[in-house]
Amino acid sequence: MEGNAVDYTAIANGITHGAAYLGAAVGLGIAGCGVGLGEGFVAGKAMESLGKIPEQSGLMTRSMLVGMAVVETCAIYSLVIALLLLFAI
Amino acid sequence: MIEFVNVSVFLGAALSCGVGGSAAGLAEGTIGMNAMQALGRQPKANAQLLRTLLIGVAVTETGGIFALVIGLLLLFGGLNSPDSAYDLARTVSFLAAGLAIGLGSMGSSFGSGYTAAESCAGVGRTPSHSNAVTSNMIVGQALTQTSTIFSLIISLLLLYLVPDMAENQSWGYQIAMSGAYLGAAMSIALGTIGVATGVGFVTGKAMRMIARFRENASTFLRQMFVGVAVVETCAIYSLVVAFLLLFK
């Protein structure tokens, strides 16, 4: 590795791929951080409301799942971008 | 000359124990704080409160202990062979292993700390419900710890599965693989911080409600499992991407 002439094209290629891998992971990680926290707030407050009206548990579960599904879309965007960075570059 | 592989190993061990330990300490302090507040309100419930406090603190400590184990393995595990001095990807993988468990155990510590803190507050409010609250608290804390287990798996794979590079590998390939290994760690570490804190928020609220209305405990538990399952999907995405990067 040391004696050979330095192949700058290969190094540039490696930096590009490394940045793509790191970017995919950090993007998904930060998005997952916020999404997980947000979904936790939704489900936690649903739990509090369920304590107030336990007979309406079906309504509560349904509304909670709708709210969480909307939050989840952001994580799916990041997952799509991460997979694109992993396989489309 | 500087042995960069040692720099990576020492930095990885220090960050793993430092970051993981700080989160665990903060979370355990919150549990103790709530327990003391509850004791001031209900001094007669000291036996029940002590039991809930000790179990809660012990489970919250899990993340810190895993971080310590990875830190000790990095320092004394005999991992760095003499060949790895010129091996960039292997060098980076040690730092990545430390970061994965250090940052990855933060969320679990916060989450299970919140669960135990709410349980202590609930036991202080209604000491007669302490059995139901404490047994369900262990279930809730176990759910928050799944993220630590994911991080531990990735960390151990980074320590033991990453091969020494062949002598003829180009620097370009090594730089790309370094990015992949650091990325695998960052994906699972950052991804689980929010997820495990969110899971802990759900299970904590469930404990509060079980302490207040024990007769509806089964409804709360069902809702808790549904909520936790949806939150956990984000951690699964991170785990999948981490595995894809590791086996690139």
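Residues numbered from 1 in each chain as written. Chains lettered and ligands numbered in written order. Predicted model: local features only at pLDDT ≥ 70, side-chain atom pairs only at ≥ 80, totals over all residues. Heavy atoms only, no water.

1. Focus: the interface of chain A and chain B
Facing 46 residues of chain A, the contacting portion of chain B comprises 47 residues. Between chain A and chain B, the buried area comes to about 3,800 Å², and carbon and sulfur atoms account for 77% of it. Across the contact surface, chain A and chain B share two salt bridges. In this structure, A:Glu48 and B:Lys205 form a salt bridge, with 2.8 Å as the shortest nitrogen-oxygen distance. Of all the secondary structure elements, the ones that give two or more residues to the side of chain A that touches chain B are helix H1 (8–52) and helix H2 (57–87) of chain A. Per-element accounting of the side of chain A that touches chain B gives the leading share, 29 residues, to H1(A). For the side of chain A that touches chain B, the class distribution of residues is 30 nonpolar, 11 polar and five charged. (Contact = heavy atoms within 4.5 Å. Buried area = accessible area lost by both parts, 1.4 Å probe. Salt bridge = Lys/Arg side-chain N within 4 Å of Asp/Glu carboxyl O. Helix = DSSP H or I, 4+ residues; strand = E, 2+ residues; numbered from the N terminus. Nonpolar A, V, L, I, M, F, W, Y, C, P; charged D, E, K, R; others polar.)

2. What to know about the pattern of salt bridges
Residues and elements named next belong to chain A. All chains considered together, the criterion is met by four salt bridges over all chains. The salt bridge partner of Glu48 is Lys45, with a shortest N-O separation of 3.3 Å. Taken together, the positions of Glu48 and Lys45, both in helix H1 and three residues apart, correspond to about one turn of that helix. When its relative accessible area of 15% is taken as the criterion, Glu48 is described as buried. (Buried < 20%, exposed > 50% of the residue type's maximum accessible area, 1.4 Å probe, protein only.)

3. A short note on the confidence of the model for chain B
Mean pLDDT for chain B: 91, with 96% of residues reaching 70 or above. Scored as a whole, the predicted complex attains pTM 0.91, and scored at its interfaces, ipTM 0.89. (pLDDT = per-residue confidence, 0-100.)

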